[in-house]
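# Structural description and commentary
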Amino acid sequence: MIPKHIKFLFCIPVLIIIGYFIYLCVVYGSIPETIPIHSYGNNPDLYGSKVFLFLPVLLNIAILIFTWRIIKRPDKIAFTFEIKEDEKEKIYHTTQLALVILAVFVTIMMSPLSFSDVVYK
């Protein structure tokens, strides 16, 4: 069973993705057709279609689905150590919490911060 606070915390990356998707749809018309898709500093070296801006959303959704499946079934994780019966719940809870924090971090890194120079101009 997943604790309520884990479910609540997992809503944070979902809301970030939804918010980024809505914002991207709103400003999509004002974004140039060709955007830099790879750059180092102010020197872009690859260009592509503005459709590439939706790629982080799709990748993030896939990561969140995978992470949620692991959070739902922590007993299926192949831990590298033996878990005692009396410590099982604590270890599962810690693992779920770590996965939620990781999901939030990954979502933040793959969302608006990734394309701020293109989307926010």
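Keep in mind that what you see is a predicted model, and the values were worked out from it rather than measured.

## Concerning the packing of helix H1 (residues 4-27) against helix H2 (residues 55-72)
Packing of H1 against H2 leaves a shortest axis separation of 11 Å and a crossing angle of 170 degrees. By the angle between their axes, H1 is roughly antiparallel relative to H2. Touching Ile6, Lys7, Phe10, Pro13, Val14, Ile17, Tyr20 and Phe21 of H1 are Val57, Asn60, Ile61, Leu64, Thr67, Trp68 and Ile71, all from H2. Across the contact of H1 with H2, the residue classes tally to 12 nonpolar, 2 polar and 1 charged.

## Focus: the packing of aromatic side chains
A complete count under the given rule lists 5 aromatic pairs for this structure. Both rings, one in phenylalanine 21 and one in phenylalanine 54, keep their centres 5.8 Å apart while their planes meet at 65 degrees; by these two values the pair is edge-to-face. Residue phenylalanine 21 is located in helix H1, and its partner phenylalanine 54 is located in the loop between strand S2 (43-49) and H2; the two are separated by 33 residues in the primary sequence. Exposure remark for phenylalanine 21: the relative accessible area of 37% places this residue in the partly exposed category. Consider the rings of tyrosine 28 and phenylalanine 54, whose centres lie 5.5 Å apart with planes at 50 degrees: the pair is tilted. With tyrosine 28 in the loop between H1 and strand S1 (34-40) and phenylalanine 54 in the loop between S2 and H2, the pair connects residues that are 26 residues apart, well separated along the chain.

Basis of the calculations
- Residues numbered from 1 in each chain as written.
- Predicted model: local features only at pLDDT ≥ 70, side-chain atom pairs only at ≥ 80, totals over all residues.
- Heavy atoms only, no water.
- Axes fitted to C-alpha atoms, helices over the stretch in contact; angles between N-to-C directions.
- Helix = DSSP H or I, 4+ residues; strand = E, 2+ residues; numbered from the N terminus.
- Parallel < 35°, antiparallel > 145°, perpendicular 65-115°, else oblique.
- Contact = heavy atoms within 4.5 Å.
- Nonpolar A, V, L, I, M, F, W, Y, C, P; charged D, E, K, R; others polar.
- Phe/Tyr/Trp six-rings, centres within 6.5 Å; stacked < 30°, edge-to-face > 60°.
- Buried < 20%, exposed > 50% of the residue type's maximum accessible area, 1.4 Å probe, protein only.

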